[in-house]
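Summary of the model geometry
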Amino acid sequence: MPPNDEHRPDPDRLLEYVQREEDKKRRGRLRIFLGMAPGVGKTYSMLEAARLKQAEGLAVLVGLAETHGRAETEALLSGLDLLPRRPIAYHGHELAEFDLDAALSRRPELLLVDELAHTNAPGCRHDKRWKDVVELLDNGIDVWSTLNVQHLESLGDVVAQITGVRVREAVPDTLLEQADSVVLVDLPPDDLRQRLKEGKVYLPKQADWASAHFFRQGNLMALRELALRATAQRANTEVLVYRHGRSIRTTWPTSERILVCVGPSPSSARLVRAAKRLASELHAPWLALSIQADLPQQARDSALRHLKLAEELGAETFVISGASVSSEIVAFARQQNVTKIVVGKPVRRRLRDYLLGSPVDRLIRESEEIDVHVIRGEAGEAAPPAAQKLPPGRPPWRQYLAATGILALCTGGCFSIFPVLDLANLIMVYMLGVLAAALWLSRGPAIFISISSVVAFDFFFVPPRFSFAVSDVRHLITFVVMFLVAMVISSMAGKLKRQADTAVSAGRQSAALAALGRELVAARGTDNLLAVAKRHLEDVFKAGVAFLLPDESATLVVRARTPGTPALRGKQLGMAQWVLTNGKAAGPGTQTLPDAQTLLLPLKGAGGVVGVVALDTGEAQQARPRLLYPDEQRLLEAFLAQIAQALEVDRLEEAAQATLVAMESEKLKSSLLSSVTHDFQTPLAAISGSAEAIVVLGEHAAFATVRGLAENIRQESGRLSRLVDNLLRLARLESGKSKPHFQAVPLEEVIGAARTRLGTQLAQHPVTVTVPAHFPLVTVDEVLMEQLFVNLLENAAKHTPAGTAVTIAATAFKDRVLIEVTDRGEGLPPQELERIFERFYRVRRGAGADGYGLGLAICRLIAHIHGGEIVAENAPEGGLRLALTIPAHPTMEAP
């Protein structure tokens, strides 16, 4: 077959490829100009390519380009359409940032956005520029951007180790992987250092420091290799996608990829180590594959332990099922574009190998263009000891006893039909027994009944009966055929049974993972997520569960625990902290504290370890806990990956919410300063002017004049004091630092105290209080409620003409108390009735507009603290009515 032959595409892969291409058409296309360090010419190359696109007739818009004062780069901007930057005020400075909204409204065919890893200033919609780019792509706009390799999230630790500089601005690797094209902008380290000396990268002082630190020759060589590898890996991914989409069968050896095949054989551990050495020598990625086909549970467990070893050594592991081992290996290798396969040579050949050839022989024949490395296992090599013994199943003697019972039933059935049917029909009865034993029992009893059926048939029914003598030689052929058919039926039924068991197990695991995923997606909040995760872990793995999450000081705190399980103390807490720090498991089945009863596992998210889960099996050490089976371990790892991802997403949502709250807080502070500044300036100006007048007039001033100025100072000082008092009271109430003290008090006393405090302000406003006789005591915070009525009455007196009355009416209901304060003023427009409770909002009505816009805001806050509400409405007879509703029996704690 020609090596470049392209077979008919697989329908599923073709559909997946088509869907991916359709998604690409709906989204914008991203091109990244990747470099090893600043100064290699990424922005220059991007602008140069953009000018060519513009010359072809494409509408190009420069959203943002950082030239850093380089004349040759600035010259390329000439003739290109530039998007004005968005000014943002920050700590007394004005910053210029990329204007995302303007770019979305312009919708150019191609948009240039430099420095993908840049951190945006506070006040922008996104905290990172790469998030701006993602939104642009989602809106169908093609984007070109630039990126240095040290800003890739996965290379942060590597770059820090090489250069000694921790890069704070990072871009997810997925963005580079999802880019439609990556352009490597390369420059030899010597040339880059020369550009640095010439001042083409940084200013002279910065250049001297950079040359001695980040831009050292060795650093640049290592960064260049990282950039080349990242680009090569990206190109290799493109090749895989292309091959999968077109179902290309042959391997394209564009780069080395190694596959090691592991199984239950003791030599598999040696194969894994050999493949690791080969991959290290070739600097190539490597994969480990196990084919779980027609293997008993113990053999599958051994194979999965070898896969675990490969995973610890850095391999990407896979488990597949299939009948033909060699065919499955070759098909998988071609799918993954593998160039070398590492397999083990069997130490001893079996009869089937002599007749049909060994799996290794068939693999070499079928692999064609793929190299096969055959490594011999040691004959005396022992199987690696398992951490625990396999769980005891049905005792073997019981299975053989069951097989004997099936044989006896078949023989009895044959005795009942022997007089009427010939010998051929009796053979079918025994075949039925063999099939039943193969389906219900293990392999040994199935072979036992296959042999015993031939012996029983000969002894009881073949003439001469009740002896092993054979009168007709033709019966010998019958015995041989019967035995072979029985063995084939037994083997095939056993295979079907194991495949069915594997399918049931896979279905159970898929259903469990799907159920966990659905509930985690629906849950919100850390406690709810942990409750869902705990319940699923308990149900699936039959173990006690405890989740430990780090607090602000990185100390683990138990956040959820199965009732009845032992609490983690002392040494166990120390080990849990070790698991959090190192990201490795501890407990039974691991290399750390294997004799412990509690298994401690890290919850690894994309950003690191987010917590620790403790699983307590409650089983004795001699009995292997169920969750230590390799199949269960892989399911457990999938569970923990989903849980860690959910916790990480929840944490990111909380961080985003905290950022939003902080931004709103900044806006509130700005609003407070802008509103209060004028309110402070007015009384301060009056006080300052009066005091200055007294000083200027001196001792010659008339007493009445000085007294008038002093009275003005006193009034404005009182006004200023009330403003400060209201602000402090509002801040205390909103922060929760002022805790209410509820007690039952007469309503008349609270209203009377408020009227006494406002004696002067209410002198020209007759106040009528209507409280029915035997009115029940109200359970309130007396101080807060008095302040509420002070604010309501002061508001009525301030905004109504002199001589108009103010009425206070109280009505008691079964579960609430209604108190209405009504004035006889002008009332308010309907649209103002709700806004008067906003902070710093004042109704502008000519000279009558007064106050600070805080009194009614404080009233509503006090009402909420009491579990009540206050609303405003225009009274039918004219004026404004403020209706306060509070519970008749509120709780003793503030909501």
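Given the structure is predicted, the values throughout are model-derived calculations rather than measurements. (Residues numbered from 1 in each chain as written. Predicted model: local features only at pLDDT ≥ 70, side-chain atom pairs only at ≥ 80, totals over all residues. Heavy atoms only, no water.)

1. Quick notes on the overall build of the chain
Helix and strand content of the chain: 26 helices and 24 strands. Within the span of the chain, comprising 895 residues, buried residues form 42% of the whole. Pairs at least 24 apart in sequence give 69% of the contacts found in the chain among residues at least 6 apart. Here the chain has roughly 47,000 Å² of accessible surface; of this, 57% comes from carbon and sulfur atoms. (Helix = DSSP H or I, 4+ residues; strand = E, 2+ residues; numbered from the N terminus. Buried < 20%, exposed > 50% of the residue type's maximum accessible area, 1.4 Å probe, protein only. Contact = heavy atoms within 4.5 Å. Areas by Shrake-Rupley, 256 points an atom, 1.4 Å probe, with all protein chains shown as cover.)

2. With respect to the packing of aromatic side chains
In total, this model carries 10 aromatic pairs according to the counting rule given. Ring geometry for Phe415 and Phe461: centres 4.9 Å apart, planes at 55°, overall tilted. Of this pair, Phe415 sits in helix H16 (residues 396-417) while Phe461 sits in helix H18 (residues 443-461), placing them 46 residues apart in sequence. In this arrangement the basic side chain of Arg816 is found over the ring face of Phe813, its NZ or CZ atom lying 4.3 Å from the centre. (Phe/Tyr/Trp six-rings, centres within 6.5 Å; stacked < 30°, edge-to-face > 60°. Lys NZ or Arg CZ within 6 Å of the ring centre and 35° of its normal.)

3. Observations concerning the side chain of Arg881
Among the secondary structure elements, Arg881 is positioned in strand E24 (residues 880-887). Here the side chain of Arg881 touches Glu877 through a polar contact of 3.5 Å, side chain to side chain. The residues contacting Arg881, other than those within four sequence positions of it, are Glu820, Val821, Thr822, Val871, Ala872, Glu873, Ala875 and Pro876. (Polar contact = N/O pair within 3.5 Å; in protein donor to acceptor, adjacent residues only side chain to side chain.)

4. A closer look at the confidence of the model for the chain
Mean pLDDT over the chain works out to 79, with 82% of the residues at or above the 70 mark. The model gives residues 379-393 a pLDDT under 50, and that stretch makes 21 contacts with residues more than four places away or in other chains. The low-confidence segment residues 620-624, where pLDDT is below 50, has 12 contacts with residues more than four positions distant or belonging to other chains. (pLDDT = per-residue confidence, 0-100.)

5. Concerning the pairing of strand E12 (residues 340-345)
Sheet analysis places strand E9 (residues 258-261) next to E12, joined by three bridges and oriented parallel. Residue pairing across strands places Ile258 opposite Lys340, the latter belonging to E12. Across six bridges, the pairing between E12 and strand E13 (residues 371-376) is parallel. Paired with Val342 across the bridge in E13 is His373. (Pairing = 2+ DSSP bridges.)

6. Structural notes on the environment of Arg376
Tracing the backbone through its elements, the reader meets Arg376 in strand E13. Residues Arg376 and Ser267 lie 109 residues apart in sequence; the distance between their C-alpha atoms is 8.1 Å.

7. Topic: the pattern of salt bridges
Scanning the model with the defined rule gives 27 salt bridges in all. Note that Lys340 and Asp371 form a salt bridge whose closest N and O atoms lie 3.2 Å from each other. A residue pair is termed long-range when its members are at least 10 positions apart, and Lys340 in strand E12 and Asp371 in strand E13 qualify at 31 residues. The salt bridge involving Glu877 is made with Arg881; its shortest N-O contact spans 3.5 Å. Here Glu877 falls in the partly exposed class, since its relative accessible area comes to 48%. For Arg881, a relative accessible area of 15% puts it in the buried group. (Salt bridge = Lys/Arg side-chain N within 4 Å of Asp/Glu carboxyl O.)

8. Concerning the sheet that holds strand E19 (residues 767-770)
If you trace the five strands from one edge of the open sheet to the other, you get E19-E21-E22-E24-E23, paired in mixed fashion. What marks the edges here is a single partner per strand, and that holds for E19 and strand E23 (869-874). Taking the axes of each pair of neighbouring strands and ignoring which way they run, one obtains an average angle of 15° across the sheet. In this sheet, E24 lies alongside strand E22 (residues 816-822) in antiparallel orientation, the contact comprising seven bridges. For Glu820, the partnering residue across the bridge sits in E24 and is Ala883. Contacting E19, strand E21 (806-812) and E22, helix H24 (residues 747-757) runs over the sheet at an angle of about 170° to E19. Docked against the sheet, helix H26 (residues 855-865) engages E23 and E24, running at close to 135° with respect to E23. (Axes fitted to C-alpha atoms, helices over the stretch in contact; angles between N-to-C directions.)

9. Some words on helix H25 (residues 782-798)
Along an α-helix, residues three or four apart share an orientation, since each turn contains 3.6 residues. In a regular helix each residue adds 1.5 Å, so 17 residues correspond to 24 Å; H25 covers 24 Å between its end C-alpha atoms and thus fits that length. Burial of H25 is extensive: 14 of the 17 residues sit out of reach of the surface. The backbone nitrogen of Val783 has a side-chain oxygen 3.2 Å away, supplied by the residue at the start of H25, namely Asp781. (Expected span 1.5 Å × (residues − 1).)

10. Things to note about the packing of H24 against H25
Orientation of H24 relative to H25, taken along the N-to-C sense of each, is 55°, at an axis distance of 8 Å. When the interaxial angle is binned, H24 and H25 end up oblique. Crossing of H24 against H25: the hand is right-handed. In this structure, H24 uses Leu747, Val750, Ile751, Ala753, Ala754, Arg755 and Arg757 to contact H25, whose residues at the interface are Glu782, Met785, Glu786, Gln787, Phe789, Val790 and Leu793. The residue makeup of the contact of H24 with H25, split by class, is nine nonpolar, one polar and four charged. (Parallel < 35°, antiparallel > 145°, perpendicular 65-115°, else oblique. Left-handed = near helix turned anticlockwise from the far one by under 90°. Nonpolar A, V, L, I, M, F, W, Y, C, P; charged D, E, K, R; others polar.)

11. A look at the sheet that holds strand E8 (residues 181-185)
Across the sheet, which stays open at both edges, the six strands sit in the order E3-E2-E6-E7-E1-E8 with parallel pairing between neighbours. At either margin of the open sheet sits one strand with a lone partner, and together these are strand E3 (81-82) and E8. When strand E1 (residues 30-35) meets E8, the two strands line up parallel, connected through five bridges. For Ile32, the partnering residue across the bridge sits in E8 and is Val182. Taken strand by strand, helix H2 (residues 42-55) contacts E1, strand E2 (60-64), E3, strand E6 (110-113), strand E7 (142-148) and E8, and its axis lies near 160° from that of E7. The strands that helix H5 (residues 129-138) touches are E1, E2, E6 and E7; relative to E6, the one it contacts most, it runs at about 175°.

12. Some remarks on a nonpolar patch on the surface
Together, Ile451, Val455, Phe468, Val480, Phe483 and Leu484 give the surface a local cluster of nonpolar side chains, amounting to about 530 Å² of exposed area. Looking at the nonpolar patch, the elements with two or more residues in it are H18 and helix H19 (474-522). The element contributing the most residues to the nonpolar patch is H19, with three residues. Structurally, Val480 can be placed in helix H19. (Patch = residues over 30% accessible without salt bridge, like charges linked within 9 Å, V, L, I, M, F, W, Y side chains within 5 Å.)

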